[in-house]
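Coordinates in review
Each chain is listed here by its residues.
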Amino acid sequence: MRAISRLPLILLLLAPVISPAQEVQIREKAVTLLEHANSISTPHEFAGYEQVITFQSFSPSGSQSGRFTSVVHGPRSYRDEYEFGDFDLLVVVNGSLIADVGDRAKAPLEVRRMTRLNRPYTARFDQSDIIRSIQDSQVNGRPARCIEFDTVVGEKSAANEICIDAQLGVVLRAHANNETITNSDFFAYRDTYLPAHITYEQTDLRMELEQSKKEIEGPFDPDFLTPPPNATVGKVCTTYRRPFGQVMTQPKPGSGSEKVDVMLHGTVRTDGGIRSVSIDRSDRPDLNQEAIKLFSTWQFSPAICDGRAIEVPADVTLHFEGR
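Here the structure is a predicted model, which means the values were calculated and not measured. (Residues numbered from 1 in each chain as written. Predicted model: local features only at pLDDT ≥ 70, side-chain atom pairs only at ≥ 80, totals over all residues. Heavy atoms only, no water.)

Points about the overall build of the chain
- Scanning the chain from N- to C-terminus turns up five helices and 21 strands.
- In terms of overall dimensions, the chain has a C-alpha envelope of 75 × 55 × 40 Å along the principal axes.
- Split into buried and exposed, the 323 residues of the chain put 40% on the buried side.
- Counted over contacts in the chain with a minimum sequence separation of 6, partners at least 24 positions apart contribute 56%.
- Accessible area of the chain: about 18200 Å², with a carbon and sulfur share of 52%.
- Computed over 35 positive and 43 negative side-chain charges, the inter-centroid distance for the chain is 5 Å. (Helix = DSSP H or I, 4+ residues; strand = E, 2+ residues; numbered from the N terminus. Buried < 20%, exposed > 50% of the residue type's maximum accessible area, 1.4 Å probe, protein only. Contact = heavy atoms within 4.5 Å. Areas by Shrake-Rupley, 256 points an atom, 1.4 Å probe, with all protein chains shown as cover. Lys, Arg positive; Asp, Glu negative; His and termini not counted. Charge placed at Lys NZ, Arg CZ, Asp CG, Glu CD.)

Printed below as a string of structure tokens:
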């Protein structure tokens, strides 16, 4: 392997030799485990349901609690409510109608993370991922098959891991992209298993989620999908084009050797400009204002929904070289 050829001679003498055939077999096993986990993570047949997620975040600024409730009658018939600190959002979708009470573009990082964690964890290996081994292990007392792999992008290499439940076949823990997601206390839901407890960790942010989900029994009240009078009403897109960057000024490099990433969140306006910029994660607070100022100058061709420009949220990472 090319990675081995760069190691010191003494390590070469001690390291086990892995043949190309073994490498292929390990990768095939890892891909099969992950593909199986992906396939059983989402019920194959839809049914109406009620879901409640309570969550708490822990960061240097303190802890906060939130709540998400969802009543879903069909793929385009649902009512979602978000509460977190002073942020409140109601989303009602009924056929082609979509109505909001609150500004979803101002959703805090914790709410956006919760929304992502609400979706079953799925992943794919690509050519940047080098599978090192598959180990028998345990996660929260459950037997697991843990795939150890390195992700190599340019000069950067990160050691990652995905652990799959040896009995249920679902993902128990995933450490990748500097994030760790741990699922536990699984319960049966239709033809899969869902975690009642989810832990999320990234740098100085930790979140604990508790979820319940059950199928709806009995008749559905159609008035539940009637938007309140103060809602902003629009239409669900039938054709959509994402925004494209036109002017994306990058940070000026410095003379040092350090590389720093600053993650930001904002909204691409209908004119292609940026509004409501905030910092999602930063290891260098002294660079935050520069990052906000740079991102605020970016210009896009706006997102297009059924021929008209619309606002959409945007997450970006600015790379500060030598700063």
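The discussion continues.
Overview of helix 4 (residues 109-117)
- The buried fraction of helix 4 amounts to seven of the nine residues, a majority that puts the element mostly inside the structure.
- Restricting attention to buried positions, one finds in helix 4 the residues Leu109, Glu110, Val111, Arg112, Arg113, Met114 and Leu117.

So, the sheet that holds strand 16 (residues 259-268)
- The sheet built from three strands is open, its strands ordered 17-16-21 with antiparallel pairing. Pairing within the sheet leaves two strands with one partner each, and these edge strands are strand 17 (274-282) and strand 21 (312-321). Put simply, the sheet's adjacent strands are angled 25° from each other on average, direction ignored.
- Most of the contacts of helix 5 (residues 288-296) go to strand 17, to which it runs at about 145°, and overall it touches strand 16, strand 17 and strand 21. (Pairing = 2+ DSSP bridges. Axes fitted to C-alpha atoms, helices over the stretch in contact; angles between N-to-C directions.)

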